[in-house]
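# Reading the structure
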Amino acid sequence: QVQLVESGGGLVQAGGSLRLSCAASGRTFSMYGMGWFRQAPGKEREFVAAISRSGGVTLYADSVKGRFTISRDNAKNTVYLQMNSLKPEDTAAYYCAADRSGNYYDTRGYEYDYWGQGTQVTVSS
């Protein structure tokens, strides 16, 4: 069993930046594909970004490409989401997810095995 704990959310003005962190328990973090998803009130869950086990391959939703950067530190069992040039439409609860098979290309989220509790990001205009 893997526990994921997100942190770093908060209230920021449009154009600002935040860095989210997701800390994972266990010794096999480096074997997991990792992803970030978000969900705004009344909307479906949305893929944001994903990263391969080594960190060498990353995927982004078109809506965040060029503004967000996903990275990971396997020595610290942590995956990050650096969010720059934030927009009000980025307001949502952000969740990290882990795929124990190492996959990272599932943009619907159905293949991920573990999910965090989420951290709220609110961007004011």
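Up top is the structure these notes are about.
Everything numeric in this text was worked out from a predicted model, so none of it was measured.

Another point: the overall build of the protein. Looking only at helices and strands, the protein features zero helices and eleven strands. Mapped in sequence order, the helices and strands of the protein form the string β-β-β-β-β-β-β-β-β-β-β. Whereas a compact globule of 125 residues would reach a radius of gyration of roughly 14 Å, the protein reaches 13 Å, a difference of no more than 12%. Seen along its three principal axes, the alpha-carbon backbone of the protein occupies a region of about 40 × 25 × 25 Å. About 6500 Å² of surface is accessible on the protein, with carbon and sulfur atoms providing 44% of the total. Positive and negative charge centroids in the protein, built from 13 and 11 side chains respectively, lie 5 Å apart.

A separate point is unusual backbone geometry. A positive phi angle, close to 55 degrees, is found at Asn77, a residue other than glycine. Here Asn77 lies in the loop between β7 (68–73) and β8 (78–83). Despite not being glycine, Ser85 has its phi angle at roughly 50 degrees, a positive value. Tracing the backbone through its elements, the reader meets Ser85 in the loop between β8 and β9 (92–99). Of the residues examined, Ser85 reaches a relative accessible area of 41% and is grouped as partly exposed.

To continue, consider the environment of Asn77. In this structure Asn77 comes out as buried when scored by relative accessible area, which is 16%. For the pair Asn77 and Arg27, spaced 50 residues apart in the sequence, the C-alpha separation amounts to 8.2 Å. Dropping the residues within four chain positions of it, Asn77 is found in contact with Cys22, Ala23, Ala24, Ser25, Gly26 and Phe29. Polar side-chain contacts of Asn77 include one of 2.6 Å to the backbone oxygen of Gly26.

Moving on: the nonpolar core. If you look at the biggest cluster of nonpolar residues, it comprises 35 residues, and the most contacted ones within it are Leu4, Met34, Trp36, Leu81, Met83 and Tyr94. Where this core is concerned, the elements lending two or more residues are β3 (18–24), β4 (33–39), β5 (46–51), β7, β8, β9 and β11 (119–124). Not counting residues within four places of it along the chain, the set of residues in contact with Tyr94 comprises Glu6, Leu20, Trp36, Phe37, Arg38, Val48, Phe68, Leu81, Met83, Gly118, Thr119 and Val121.

Quick look at the sheet that holds β8 now. Taken in spatial order, the four strands line up as β1-β3-β8-β7 in an open sheet, and their pairing is antiparallel. Each having just a single partner strand, β1 (4–7) and β7 make up the two edges of the open sheet. Each adjacent strand pair in this sheet contributes to an overall mean axis angle of 15 degrees, direction not counted. The pairing of β7 with β8 spans six bridges and is classified as antiparallel.

A word on the state of the cysteines. In total, this model carries one disulfide according to the counting rule given. Between Cys22 and Cys96 runs a disulfide, and the two sulfur atoms are separated by 1.9 Å. Here the disulfide of Cys22 and Cys96 is right-handed, its torsion about the S-S bond being about 50 degrees. With Cys22 in strand β3 and Cys96 in strand β9, this pair connects stretches of sequence that are 74 residues apart. For the pair formed by Cys22 and Cys96, the shared burial category is buried.

Analysis parameters
Residues numbered from 1 in each chain as written. Predicted model: local features only at pLDDT ≥ 70, side-chain atom pairs only at ≥ 80, totals over all residues. Heavy atoms only, no water. Helix = DSSP H or I, 4+ residues; strand = E, 2+ residues; numbered from the N terminus. Rg over C-alpha atoms; globule rule 2.2 N^0.38 Å. Areas by Shrake-Rupley, 256 points an atom, 1.4 Å probe, with all protein chains shown as cover. Lys, Arg positive; Asp, Glu negative; His and termini not counted. Charge placed at Lys NZ, Arg CZ, Asp CG, Glu CD. Buried < 20%, exposed > 50% of the residue type's maximum accessible area, 1.4 Å probe, protein only. Contact = heavy atoms within 4.5 Å. Polar contact = N/O pair within 3.5 Å; in protein donor to acceptor, adjacent residues only side chain to side chain. Core = buried A, V, L, I, M, F, W, Y, C linked by side-chain atoms within 4.5 Å. Pairing = 2+ DSSP bridges. Axes fitted to C-alpha atoms, helices over the stretch in contact; angles between N-to-C directions. Disulfide = S-S within 2.5 Å.

Purely geometric numbers; function is a separate question.
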